[in-house]
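Remarks on the overall topology
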Amino acid sequence: MATTPKKDDAPDSGVLQDKPTPAAAEHGDHDRVVMASRRADGSMDQYRPEFIGDKDVALTAAKEQLAQQAASAVDVAARGVSAVPEAEAPSEPDPDIAALKEAQDKAIEAAEARAEREVKELHKGLGD
């Protein structure tokens, strides 16, 4: 029975390697996430992210995450609004607060739409 001698060197397939190379990262390395980490501008802080797991869970998490970040950004932009103690607050809503709430609602709506686009584009897990 003839056998092929065993080779000591593994083929250069990029799968098994003693020293990772940048070429291997370009071909298959990416982050698999259920919920993305976000930078201050709302962009994802992963390398070529892929959402995994249940798609509805990923979508709900992305919507909540981006909505909170968007509402917080509106608050930061409008820091000039001062708080009035509850006992002294007028019965009518403050026009500045109403405008702020409207701006937050618009920002949240845009953030949720962005979350839907991201998850739809990048989801590769269960729950399709």
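Among the structural elements, Arg-38 can be located in the loop between strand 1 (32-33) and strand 2 (50-51). Taking the relative accessible area as the measure of exposure, Arg-38 reaches 16% and is therefore buried. One polar contact links Arg-38 to Gln-65, side chain to side chain, over a distance of 3.2 Å. Among the polar contacts listed, one links the side chain of Arg-38 to the side chain of Glu-118, at a separation of 2.8 Å. Every residue in contact with Arg-38, bar those within four places of it in the chain, is listed here: Ser-43, Met-44, Asp-45, Ala-62, Gln-65, Leu-66, Gln-69 and Glu-118.

Another aspect to go through is the environment of Arg-114. Residue placement: Arg-114 occurs in helix 3 (residues 95-122). Each residue touching Arg-114, except ones within four places of it in the same chain, is listed here: Asp-41, Gly-42, Ser-43 and Leu-66.

Residue position: Gln-46 is located in the loop between strand 1 and strand 2. Discounting residues that sit within four places of it in the chain, Gln-46 has contacts with Asp-31, Val-33, Ala-36 and Ser-37.

Moving on, we get to the pattern of salt bridges. In total, this model carries 7 salt bridges according to the counting rule given. Where Arg-38 meets Glu-118, a salt bridge forms, and the shortest distance between an N and an O atom there is 2.8 Å. With a gap of 80 residues between them, Arg-38 in the loop between strand 1 and strand 2 and Glu-118 in helix 3 connect regions that are remote in the sequence. Looking at Glu-118, the relative accessible area reads 11%, which means it is buried. Between Asp-45 and Arg-39 there is a salt bridge, with its nearest N and O atoms 3.4 Å apart. On the basis of relative accessibility, which here comes to 43%, the residue Asp-45 falls in the partly exposed class. A relative accessible area of 40% places Arg-39 in the partly exposed class. Each of Arg-38, Arg-114 and Glu-118 takes part in a single network of salt bridges with overlapping partners.

With that out of the way, let us pick up the nonpolar core. In this structure, Met-44, Phe-51 and Val-119 are the most contacted members of the largest nonpolar core, which totals 15 residues. Those elements giving two or more residues to this core turn out to be helix 2 (55-77) and helix 3. Ranked by residue count, the leading element in this core is helix 3, at 6 residues. Not counting chain neighbours up to four residues away, the residues in contact with Met-44 comprise Ala-36, Ser-37, Arg-38, Arg-39, Pro-49, Phe-51, Glu-118 and Leu-122.

Reading guide: rules and limits
- Just so you know, the residues in each chain are numbered from 1, in the order the chain's sequence is written.
- The predicted nature of this model means local features are confined to residues of pLDDT at least 70 and side-chain atom pairs, given and counted, to a pLDDT of 80 or more, with totals for whole chains, interfaces and linings taken over all residues.
- In computing side-chain properties, one takes all heavy atoms of the structure into account and sets aside hydrogens as well as water.
- Secondary structure counts use DSSP, requiring at least four H or I residues in a row for a helix and at least two E residues in a row for a strand, with both numbered from the N terminus.
- Relative accessibility thresholds used throughout: buried, under 20% of the residue-type maximum; exposed, over 50%; partly exposed, between the two (1.4 Å probe, protein chains only).
- Pairs of N or O atoms are called polar contacts if they sit within 3.5 Å, as long as, within protein, a hydrogen donor faces a hydrogen acceptor (for residues adjacent in sequence, only side-chain-to-side-chain pairs).
- By definition, residues are in contact when any of their heavy atoms lie within 4.5 Å.
- Here, a salt bridge means any side-chain nitrogen of Lys or Arg that lies within 4 Å of a carboxyl oxygen of Asp or Glu.
- Within this scheme, the nonpolar core is defined by two criteria: the residues are buried Ala, Val, Leu, Ile, Met, Phe, Trp, Tyr or Cys, and they are joined through side-chain atoms within 4.5 Å.

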